[in-house]
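# Breakdown of the fold
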Amino acid sequence: MNIHTYEKFWLAASMVLIVGFILTITYGAVGLGIAMIDDSSPTVDPDNLDEHPGFADPGVEQVGENEYEVHVIAVQFAYFPNEIVVPADSTVTFHVTSEDVIHSFSVVGTNANTMVIPGEVASLTVETDDPGEYGILCNEYCGVGHHDMEARLVVVPQDEFELEVE
Ligand code: CUA
């Protein structure tokens, strides 16, 4: 069977494109350390967060030398706490949940970005480096005040960090 040269060329080109699309999708799904929220995520009761050991008193908690955990609650249209202060050069794990609708927790200018689903806990771990200030934004449209939904992450020098003790 004789296949025309142009036809051969376009056959080859479309094969290359198909393989390329599969590779980019695979890279987008599993590359860059991206993890998806799945059925194995811990669940919480969004109506009784005040009975949860972490979310009853959201905020920063020290769990090891240079290791911190932060519980954050997203609601229409705010985050609690609204300002998160953590020390530089430490490992910080955020646990975020929502009390009402789907939000996101996105630290601007970093790859820390997760969807926040009521009933589920989204956890992500970051290494803080130099001191600085970051905005936290909601990337999921969650209602009329969506654009006002923000918080702040402040990374302070280690010797200036002090946990509030209540
Ligand atoms: Cu919360 Cu948009």
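Residues numbered from 1 in each chain as written. Predicted model: local features only at pLDDT ≥ 70, side-chain atom pairs only at ≥ 80, totals over all residues. Heavy atoms only, no water.

## Some details on the pairing of strand β1 (residues 59-64)
Note: β1 against strand β2 (residues 67-75), 5 bridges, orientation antiparallel. Note that in β2 the partner of Val-60 across the bridge is Val-70. Where β1 folds back onto β2 in an antiparallel hairpin, the turn is made up of 2 residues, including Asn-66, whose phi is positive at roughly 65°. (Pairing = 2+ DSSP bridges. Helix = DSSP H or I, 4+ residues; strand = E, 2+ residues; numbered from the N terminus.)

## Thoughts on the packing of aromatic side chains
Per the stated rule, a full pass over the model turns up 4 aromatic pairs. When the centroid spacing of 5.3 Å and the interplanar angle of 75° are considered together, the rings of Tyr-68 and Phe-161 count as edge-to-face. Of this pair, Tyr-68 sits in strand β2 while Phe-161 sits in the segment after β10 (150-156); the two residues are 93 residues apart in sequence, bridging distant segments of the chain. On the basis of relative accessible area, Tyr-68 is assigned to the buried category, the value being 6%. Ring geometry for Tyr-79 and Phe-105: centres 5.9 Å apart, planes at 80°, overall edge-to-face. Residue Tyr-79 is found in strand β3 (residues 78-80), and its partner Phe-105 is found in strand β6 (residues 103-107); the two are separated by 26 residues along the sequence. The same class applies to Tyr-79 and to Phe-105, which are both buried. Three or more aromatic residues joined by ring pairs make a cluster, and in this case those are Tyr-79, Phe-94 and Phe-105. (Phe/Tyr/Trp six-rings, centres within 6.5 Å; stacked < 30°, edge-to-face > 60°. Buried < 20%, exposed > 50% of the residue type's maximum accessible area, 1.4 Å probe, protein only.)

## What to know about the domain arrangement of the protein
As a measure of interface size, the accessible area lost when the parts come together is often cited. The domain boundaries assigned to the protein delineate domain 1 (1-36) and domain 2 (46-160). The centre of domain 1, based on its C-alpha atoms, is set 38 Å off from the matching centre of domain 2. (Domains from an automatic or database assignment.)

## Considerations on the pattern of salt bridges
If you walk through the whole model with that rule in mind, you get 2 salt bridges. The partner of Glu-83 in a salt bridge is Arg-152, with the nearest N and O atoms 2.3 Å apart. One end of the pair, Glu-83, is in strand β4 (residues 83-87); the other, Arg-152, is in strand β10, with 69 residues separating them in the sequence. Among the residues examined, Arg-152 registers a relative accessible area of 33% and is labelled partly exposed. Where Arg-152 meets Glu-133, a salt bridge forms, and the shortest distance between an N and an O atom there is 2.4 Å. Taken as a pair, Arg-152 in strand β10 and Glu-133 in strand β9 (residues 132-137) lie far apart in primary sequence, 19 residues in all. Overlapping salt bridges, with partners in common, bring together Glu-83, Glu-133 and Arg-152 in one network. (Salt bridge = Lys/Arg side-chain N within 4 Å of Asp/Glu carboxyl O.)

## Describing unusual backbone geometry
Note: most residues except glycine have negative phi, and most peptide bonds are trans. Residue Phe-77 is bonded to the preceding Gln-76 through a cis peptide linkage, with omega at 5°. In this structure, Phe-77 sits in the loop between β2 and β3. Here the phi dihedral of Asn-66 falls at roughly 65°; this positive angle occurs in a residue that is not glycine. One non-glycine residue, Asp-89, adopts positive backbone phi at about 50°. Position of Asp-89 among the secondary structure elements: in the loop between β4 and β5 (91-98).

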